[in-house]
Each structure stands twice: as structure tokens, then as C-alpha cells.
Amino acid sequence: MKTYTSAHWGVYEVHYQKGEVSHLAPIPEDESPSPIGLSMLDACRDAGVRVARPSVRESWLRHGPGAHPERRGREGFVEVPWDEALDMVAAELDRVRKAHGNASIFGGCYGWSSAGRFHHAQSQAHRFLNAIGGYVSHRDSYSLGAARVLMPHVVAPMETLMASHTSWDVLREHTELFVTFGGVPEKNAQISAGGPSPHRIPGGLRRMAQAGTRFVNISPLRDDLATGAGFEWWAIVPNSDTALLLALAHTLYAEGLHDEAFLQRYCVGFEVFAAYLRGEEDGQPKSAEWAAPLTGIEAARIRALAREMAGSRCMINAAWGLQRAEHGEQPYWLVVTVAAMLGQIGLPGGGFGVGYGSVNMMGSTVPKFSGPTLSQGRNAVRDFIPVARLSDMLLSPGQPFQYNGVTYQYPDIRLVYWAGGNPFHHHQDLNRLELAWQRPETIVVHEPFWTSTARRADIVLPATTTLERDDIGYSNRERFLVAMKRVMPPYGESRDDYAIFTELARRLDAEELFTESRDTMQWLRALYADCQPSAAGAGVTLPDFDRFWEQGRIDLLPEPERAPGVILLESFRQDPEAHALTTPSGRIEIHSERIAGFGIADCAGHPRWYEPSEWLRGGQGEDGLLHLISDQPQTRLHSQLDNSAYSRGMKIGLREPVRLHPEDAAERGIAEGDIVRLWNARGACLAAAVLSDGVRRGVVALSTGAWFDPVVAPDGSSLDSHGNPNVLTQDVPSSGLSQGCAAHSCLVRLERYTQALPPVTVFEPPALRSVA
Ligand SMILES: Nc1nc2c(c(=O)[nH]1)N[C@H]1C(S)=C(S)[C@@H](COP(=O)(O)OP(=O)(O)OC[C@H]3O[C@@H](n4cnc5c(=O)[nH]c(N)nc54)[C@H](O)[C@@H]3O)O[C@H]1N2
Ligand SMILES: Nc1nc2c(c(=O)[nH]1)N[C@H]1C(S)=C(S)[C@@H](COP(=O)(O)OP(=O)(O)OC[C@H]3O[C@@H](n4cnc5c(=O)[nH]c(N)nc54)[C@H](O)[C@@H]3O)O[C@H]1N2
Ligand SMILES: [Mo]
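These figures come from a predicted structure and were not determined experimentally.

Calculation rules
- Residues numbered from 1 in each chain as written.
- Chains lettered and ligands numbered in written order.
- Predicted model: local features only at pLDDT ≥ 70, side-chain atom pairs only at ≥ 80, totals over all residues.
- Heavy atoms only, no water.
- Near = heavy atom within 4 Å.
- Polar contact = N/O pair within 3.5 Å; in protein donor to acceptor, adjacent residues only side chain to side chain.
- Areas by Shrake-Rupley, 256 points an atom, 1.4 Å probe, with all protein chains shown as cover.
- Helix = DSSP H or I, 4+ residues; strand = E, 2+ residues; numbered from the N terminus.
- Nonpolar A, V, L, I, M, F, W, Y, C, P; charged D, E, K, R; others polar.
- Phe/Tyr/Trp six-rings, centres within 6.5 Å; stacked < 30°, edge-to-face > 60°.
- Buried < 20%, exposed > 50% of the residue type's maximum accessible area, 1.4 Å probe, protein only.
- Pairing = 2+ DSSP bridges.
- Axes fitted to C-alpha atoms, helices over the stretch in contact; angles between N-to-C directions.
- Contact = heavy atoms within 4.5 Å.
- Expected span 1.5 Å × (residues − 1).
- Core = buried A, V, L, I, M, F, W, Y, C linked by side-chain atoms within 4.5 Å.
- Left-handed = near helix turned anticlockwise from the far one by under 90°.
- Domains from an automatic or database assignment.
- Buried area = accessible area lost by both parts, 1.4 Å probe.
- Salt bridge = Lys/Arg side-chain N within 4 Å of Asp/Glu carboxyl O.
- 1 Å grid on protein atoms, 1.4 Å probe; cavity = no way out; pocket = protein on both sides within 12 Å on 5 of 7 lines; lining within 4 Å.
- Points joined across faces, edges and corners; volume = space filled by probe spheres on them.

Chemist: Sorry, what's going on with the site of ligand 1 here?
Modeler: The environment of ligand 1 is made up of 34 residues, and the closest members are His426, Glu447, Asp497, Ser639 and Asn726. Between ligand 1 and Trp112 there is a distance of 2.7 Å, counted from an oxygen atom to a backbone nitrogen or oxygen. Its free accessible area being 920 Å², ligand 1 has 98% of it covered by the protein chains. Contributions of two or more residues to the shell around ligand 1 are made by helix H16 (423-426) and strand E18 (442-447). Per-class residue counts for the shell around ligand 1 are nine nonpolar, 21 polar and four charged.

The following block contains the structure:
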């Protein structure tokens, strides 16, 4: 029998030599396996960055909670025995909850952690914190901050939409024109939370192109799309998609190409929007001529595309990146609106997609059921934050914030607990986060690796990786349920998050509540048994646990004849009364009375154009400013595996590559491979120049995930030596509606770096000493 493992970038076979694990290999069913996982073994054995023993920051150990918070990230750690570390963490949790209440513990733990349904660090942490009285939580995600809040008002929750996207076989057969905003990046579709298998997007796109679908990619980056054939690239000004979509809507409306009958039967509020298109609100018709200087795209081309869309079976897609920006709600609302005007929603191959290419699951035909899920218990604390308001919360306790039409208050946080995420990767404006991070009295982090966040904790507890423990791999609408067997011993003294929380729960009189007296294998059996009925409901018969464990994996894809193509919103189209949407009207809301009723300054009741605070106004940055796209990295998942040979192999002289147009480079005297400095008022970093005419002029692309590695620059300011874009991005909300992450609205300057190059030291451990 073969052994398998599951990771966010795929399901892999585990191969052994002489009884020891030697390498991972793609499963044969995967026609486009991701190379990221092949590097996973080495990355997990990398002694340079694994946390070996519980470690406590020098000042905290000596002087207790709150000692020299400004030294977080700057001073070394003392390695202590497990029992001492656990006693310390338990005593500190107890002190804080008694002195300040559980609402002073932030336990959001946002992050992708690793695959496996039981040892999912965030779920483990939430279950534990609930068992000891609760914690301040977070809502939504960095992925989909604006969309998650907006879309339930307009059409349906994002989860529902994502799980029912029109499938690739239907697209191939029916879609004549595929218009995509932000491409369908294959690099991103390597990933799905829990284990994509097999990878369906590269093949899906190629087969569509072979069948004759015409593609138009509207994106600042050309290589967001690869179809194996030619396609049209519209190098749009970043953050101007709303203007382009309004102009497409205006052309359809002005030329009578919109589907009145569809709008009447399936939508509400078109008249209000039409008045805005005509310019009745602000005196400005949203014509193609109006949009041309905003988007950098000629009016005639915009009009021609609108006519072509109306004349063919057309799928409109938007990458999630579009809504990770200021006013990120607007392009999403408009993609639905323009698709509604075309009247093809619910027809095969027509309508809209919200993230084909953002993750692998989109367009799958694998049946959906709730996989094995660890219950998190009940949280007695009601306070929460929208996830991307982390620094605001720490800096402004007691201050009000708006979220989805309601006003709340930021809690007063004394203790931050993080397991399974890396805020010094994921948050915007890291220099501001460095300041906010000085506010709590204590910061506890569980981590397998010496990440930039672990280095900024007071107590670091070393966690195992997936390869070092038994678990069950499952991912929504992916094909395999995987017995993830432990394939190597834990690194150093690292322990499973479950084992760590069990010990803490024992010290805090919550052991039974947390563990239900089960060990890991008992939990795996229980979680497996719990999901058997829902699998059966979806037509999947799961064998008993022992058979599953022995077999190594279960194929969840029914025979082809039982897996008919999926068409998004097909039943709604067939019968909008019986299959009414969950919006207030049960219809698609082109005007939302509910959102209008919120009275939010930057999100009205219908989609409209709002100018971002940072963008290339008029298509060009004033005075040398460039628009920064900080997209998802090709060679890793966020910051995960940045230490791997594969990710490091893409770097140039240890620095992260930044892509820019050859003419923007020439204007600055920059050649291929030169080390450059990117900066703005918020921060600065180094990166290595890669020249490409596939990047729009005025745009630079620096992917996320290079481990944050600040040094003091010659002028005394902080300089990230490695190339982390989040020292540059703005920590502002997408809007007052959603408070989502707006990383893609960011201007920077760039120059050749001529000073002595600081080293990249983040792949070496911090200063460590052991207690005598
Ligand atoms: N500028 C900019 N910033 C962005 C984005 C962007 O587009 N632009 N994208 C945003 C998005 S969409 C996201 S989702 C976030 C991602 O942000 P994160 O999810 O925070 O990033 P990861 O690097 O995946 O962090 C996961 C951490 O969990 C650790 N880990 C793995 N397994 C375990 C385990 O078993 N136990 C414990 N305790 N820890 C474990 C890993 O070592 C790693 O440090 O970044 C966001 N940030
Ligand atoms: N390899 C890899 N894959 C990943 C991840 C990873 O870390 N590594 N992360 C996963 C996660 S957590 C998420 S949430 C998804 C995110 O998936 P997305 O949000 O879709 O990914 P991004 O790479 O941020 O953005 C996609 C593209 O949008 C384009 N774009 C940015 N701004 C604009 C704009 O204003 N207008 C237009 N038209 N285009 C724009 C950029 O060119 C970018 O390449 O990716 C997932 N996939
Ligand atoms: Mo994400």
C-alpha cells in the first residue's frame, strides 16, 4: 500500500528508502502537479529555521509581562524546558483573564497553517481558548474581505458561489468569450486549502482555447493568463476596473443591448443604477469616453468589447485580487451587474465567476460535503474585529469602527495568542504593525519555524509539521480524502498543537472540555465517523476508518455519468421563486436598499466609481510614482516554504525579484538583476530587478512572502533587506462596509541601490541560549 500526504499545494505520494522517507512525488492522477510540495521535506528538515525548543524572550523572562516591548524582534531568546514554558503560558493566561477578562485576549490566529483537519492550528487554538473562557476573534479573511461582506447583500455568500462555479467541462463546451479581470493565474491555482487534487485549471484553460474560446485578459500583468494559445491583453491601470465595467454597462444600456427581461425577472434596482450610468447623480454619464483616461483603454475598444459580449456566450471573471483594494466591493458588484445585463446568468458557459484561478477548487465537479471538522466549542466573548484591522485594534482600544452597517468598539488587548499564521507576513504596513505589536503585555506564538512573527513573540512553543503527525486530509470539492500518516519524527522537541493545548488545558482546569478524553487516533476516528452521514448525503460512501487508513486515500469523484457539469445559479434561473436567493429580495440586487440604509460614505446602495487614494491617476504616476502589485507568490504559499530550495532558487542574490517594464527600468538606469530600493512614506525594502514587457508601464510586481528582515539603513530608518512588499502597502480598509484588506492600492518609488548591501539573515536562527 502506498503512503500519501496532503498539503495546501497538492496530494503527494511519500517514498521511502531503507525505511526512511526519501522524497515526495506527484500522484499520477494530477496532470499539472505543483512543484512547491516537492520541496516540502527539505524545508521541514531545515535546522537553520526550525524551532527546536520552547523559547522565551530575554527581557520577558527576566522582568515578566510587558518588559521592553520595543525589543520584540531585536533581542534573543532563552530556551527553557517544556514544563517551565507551559507553566509560564498557563499562569500568564490565568493572570490576564482574571485581571482583565477574556475579552483582553486576542486569539484570532488568522493564517493558513497547514493541511490536515484535526491538527488545524487555528481550530485547535480556538477550541482551547473557548475552553478557558473565550477570546476576541476575527471575521472574514485577507483573501476576500470586501467580497465576503458585499456578496450576500447582492447575490449569495462567497462560500456558496465558490462551491458552485460553472465547471470546466461546461465552459469548454459553451463559452465563446471569456473576459477576465486579473487573469486566471495558474500560479495561484496551485493552491486549495487542505489539498488540491488534481490540479484542474491549467488543463481546463488549454482545453477551452483548443475548443475555440476567445480570451481577453484585463490585467496589469499579462502572464496572469496562459491558455497555450494567443489571447488579447488589456494592460489596464490598476484599480480602475470599476470604471471599465461601468463603461461596458453604459454601452450595453445606451445601445439597448441589455436583457430587459432578465433584469425584470431576476434582479431588483436596475433603474437606480441606470440613472447613475446616465449621469443623473453627478452630471457625468459613465460612457466609454469617460472611462478611457481612467483605465488607459481606448473608448472604441471598450464599446467593441461590450458589443461582442452581448453577441456571444460570455463568461466574465474577476480574480480575488481586484477586491483586495480600496473600494474592492465595486468591481465585484459590477461583474455581477454586467453579467445580469447580458442575461446569461444560469446558462451554460455564461454569467460570472468570482475567482477562477484564485484557488484550484473553482469549477470542480466533486460533490460537496462537510469533511471531517473539529468543533471549536462556544466563544463566551462577543468582541471581534474584521481580520485586517489588527493594528487598528492594538493601537486604538475603545475606539469605534463600522462593519457591515453596525458600529462596534475595539477591545483592549493585553495578550496576543497566535497559532497557525504569520501576521508579519500577511499584514499591511509592517512598520505600523511593529509599533502596534508593542502594545500587548504578552505575545505567545506556536510555530514550527523561526518566522518573522515567532521572532517577535515573548514565548515561542515549537510545533510539529504535518509530516510529523497523523491526520486526515480533506479539501472542499477536491477529489481525495487522505490518510496523512506520520512519516518522520518531530523535529527537536517540537510537539503537536493538540499536545501543547492539552497540557495548557490541564493546568487551567479545562482538560476534559478540551480533549473529551481522546488521543489523536481517537479523534481521527471520531471526526471520520462524524462526516460519514454528510458524505452519504452527497452520494459518497466512505468505507470504515481502518480500511481508509490502510488504503491511504479515498477517491470522492463519482463515475463520470454521476458527475454532470455544474452551472452557477442554474436552478435560480429555472425557478426564481422556488430557488430564491438569500438576499433581502430573493433576487440579484443591483441596488441594495439595505446597503443604502447603512449610509456609508464610501459604499452607496449601488455600484459606483470611487477614486482610490493611491493609484496611477490618468494612467501615469506623478513624479516617478509606480503602482505596486503585491500578488501571491509562484514558488511558495505566502511565507510558507520561503526557506525551501525551490523558493530560494527564484531569488536573485538572496533578494526577492521585483518585475517592472523595461522602459520604467531604463528611465531609472536599472538593468536586469540590479538590486533596487522600493520606498514610500511607510517603509522601504530591497529587491532584485527583473525586466518584462508583460508588466504594464507604471506598475511593479513584488510578490508577497519573502520573510521580513529589517535592518537599520544608513540614514537610520528601517529597511527590509529581503523584499517583503508589506513594508510598503497601506493599512487602510477597503471601505467602511467591509473593512477588508486593501493591499493592492499602493504607490511606491524605485531606484537602483548603490550603497553597501546588507545581508539577508532571516534564514538563520535568532540569538538563542539555554538556561544553565
Ligand atoms: N500585500 C499583500 N499582503 C497579503 C496578501 C496580498 O495579496 N498582498 N494576501 C493576503 C492573503 S489572501 C492571505 S490568506 C494572507 C496569508 O497569511 P498567512 O496565512 O498568515 O501566511 P502563511 O505564510 O501561510 O502563515 C502560516 C503560518 O503557519 C505556520 N504553520 C504551518 N503549520 C503549522 C502548524 O501545524 N502549527 C502551527 N502552530 N503553525 C503552523 C507556518 O509555518 C506559517 O508561518 O496574507 C495576506 N497578505
Ligand atoms: N502559489 C500560490 N498560490 C496561491 C497563494 C500563494 O501564496 N501562493 N495564496 C492563495 C490565497 S490565500 C489566495 S486568497 C489566492 C488569491 O488569489 P488572487 O487574489 O486572485 O491573487 P493575486 O495574485 O493577489 O491577484 C491576482 C491577480 O490580480 C491582478 N490584479 C491586482 N490588482 C488588480 C487590479 O486593480 N485590476 C486588475 N484587473 N487586476 C489586478 C494581479 O495582476 C494579480 O496577478 O491565491 C491562492 N493561491
Ligand atoms: Mo488568502
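Additional details are given in the paragraphs that follow.
Chemist: Can you walk me through the packing of aromatic side chains in this structure?
Modeler: The way to describe two aromatic rings as a pair is by their centre distance and the angle between their planes. Under the counting rule described, the total for this entry stands at 36 aromatic pairs. Both rings, one in Trp168 and one in Tyr356, keep their centres 5.3 Å apart while their planes meet at 70°; by these two values the pair is edge-to-face. Taken together, the residues Trp168 in helix H7 (residues 168-174) and Tyr356 in the loop between strand E13 (351-353) and strand E14 (384-386) connect sequence positions 188 residues apart. Given the relative accessible area of 0%, Tyr356 is considered buried. Pairing Tyr266 with Phe572 gives two aromatic rings, centres 5.4 Å apart and planes at 65°, and the pair type is edge-to-face. Taken together, the positions of Tyr266 in helix H10 (residues 260-266) and Phe572 in helix H22 (residues 570-574) put the pair 306 residues apart, joining distant regions of the chain. Residue classification places Tyr266 among the buried positions, given a relative accessible area of 8%.

Chemist: Is there a simple way to explain the sheet that holds strand E10 (residues 232-234) in this structure?
Modeler: The pairing of strands in a sheet happens through backbone hydrogen bonds and is either parallel or antiparallel. Pairing in this open sheet of five strands is parallel, and the strands run E10-E9-E8-E12-E13 from one edge to the other. On the outer flanks of this sheet lie E10 and E13, each paired with one strand and no other. Direction aside, the axes of adjacent strands within the sheet are offset by 20° on average. Relative to E10, strand E9 (residues 214-218) runs parallel, the two being bridged by three bridges. Its bridge partner lying in E10, Ile218 is registered against Trp234. Sheet strands in contact with helix H9 (residues 241-254) are strand E8 (177-181), E9 and E10, and its direction is about 145° off that of E8.

Chemist: Can you walk me through helix H3 (residues 82-100) in this structure?
Modeler: Since one α-helical turn is 3.6 residues long, residues separated by three or four positions face the same way. Here H3 spans 27 Å end to end across 19 residues, near enough to the 27 Å set by a 1.5 Å rise per residue. Looking only at H3, the buried set comprises Trp82, Ala85, Leu86, Met88, Val89, Ala90, Glu92, Leu93, Asp94 and Val96. Immediately beyond the C-terminal end of H3, within one or two residues, lies Gly101, with a positive phi of roughly 90°.

Chemist: How do you make sense of the nonpolar core when you look at a structure like this?
Modeler: Nonpolar side chains in soluble globular proteins tend to end up buried together. Counting 210 residues, the largest nonpolar core has Val155, Phe352 and Leu678 as its most contacted members. Broken down by element, the residue count for this core peaks at 10 residues, all from helix H14 (residues 329-342). Excluding its chain neighbours within four sequence positions, the residues that come into contact with Phe352 are Val155, Leu161, Met315, Ile316, Val335, Val336, Ala339, Ile345, Leu568 and Leu569. Within the second largest apolar cluster, 23 residues are counted, among which are Val14, Val21, Leu467 and Val762.

Chemist: For this particular structure, what's the right way to read H14?
Modeler: Here H14 is 14 residues long and its end C-alpha atoms lie 20 Å apart, about the 20 Å a rise of 1.5 Å per residue gives. With respect to burial, H14 is a largely interior element, 14 of its 14 residues being buried. Backbone geometry just after H14 places Gly343 at a positive phi near 75°.

Chemist: Quick question: what am I supposed to make of the site of ligand 2 here?
Modeler: The immediate surroundings of ligand 2 are formed by 31 residues, with Asp224, Asn239, Asp241, Pro633 and His638 found nearest. With respect to ligand 2, the side chain of Arg324 contributes an N or O atom lying 2.8 Å from an oxygen atom. Here Arg636 contributes a backbone N or O atom positioned 2.8 Å from a nitrogen atom of ligand 2. Considering only residue class, the shell around ligand 2 consists of 13 nonpolar, 12 polar and six charged.

Chemist: Whenever I open this one, the environment of Gly552 confuses me. Can you help?
Modeler: Following the sequence through the fold, Gly552 ends up in the loop between helix H21 (545-551) and strand E22 (553-555). Given a relative accessible area of 1%, Gly552 falls into the buried group. Each C-alpha atom of the pair Gly552 and Glu13 lies 9.8 Å from the other, and the pair is 539 residues apart in sequence. When residues no more than four places from it in sequence are discounted, the contact partners of Gly552 are Lys2, Tyr4, Leu481, Val482 and Ala483.

Chemist: Please clarify how the packing of H9 against helix H13 (residues 299-310) should be interpreted in this entry.
Modeler: Between two packed helices, what matters for the description is the angle formed by their axes and the separation of those axes. The contact between H9 and H13 brings their axes to 9 Å, and the two run at 65°. In the crossing of H9 with H13, the sense of the turn from one axis to the other is right-handed. Judged by residue contacts, Leu244, Ala247, Leu248, Thr251 and Leu252 of H9 engage Ile302, Arg303, Leu305, Ala306, Met309 and Ala310 from H13. Here the contact of H9 with H13 is built from residues that sort into nine nonpolar, one polar and one charged.

Chemist: How should the domain arrangement of the protein be read in this particular structure?
Modeler: Interfaces are frequently sized by the accessible area removed from exposure as the parts join. If you check the domain split of the protein, you get domain 1 (3-140 + 371-475 + 486-551), domain 2 (145-367 + 582-598) and domain 3 (626-752). The straight-line distance from the C-alpha centre of domain 1 to that of domain 2 is 35 Å. Between domain 1 and domain 2, the contact holds 25 residues from the first and 19 residues from the second. Across the domain 1/domain 2 interface, buried area totals approximately 1,700 Å², and carbon plus sulfur atoms make up 57% of it. Put simply, domain 1 and domain 2 have one salt bridge between them. Across the pair Glu31 and Arg207 runs a salt bridge, and its minimum N-O distance is 2.8 Å. Taken together, the connections running from domain 1 to domain 2 amount to 10 residue pairs in polar contact (both at pLDDT 80 or more). Every element with two or more residues in the side of domain 1 that touches domain 2 is listed here: strand E1 (3-7) and strand E2 (10-17).

Chemist: Would you mind showing me how to read the side chain of Lys286 here?
Modeler: Here Lys286 shows up in the loop between helix H11 (270-278) and helix H12 (288-295). Within the structure, the side chain of Lys286 is placed 3.3 Å from the backbone oxygen of Tyr276, a separation counted as a polar contact.

Chemist: So what exactly am I meant to see when it comes to empty space enclosed by the protein here?
Modeler: Unoccupied space between atoms shows up once a probe the size of one water molecule is rolled over them. All chains considered together, the criterion is met by four cavities of 30 Å³ or more. Estimates place the volume of the second largest cavity at around 50 Å³. As for the second largest cavity, its lining consists of Phe106, Gly108, Cys109, Tyr110, His138, Tyr142, Ile385, Val387, Leu390, Trp418 and His426. Partitioned by chemical class, the residues of the lining of the second largest cavity number eight nonpolar, three polar and no charged.

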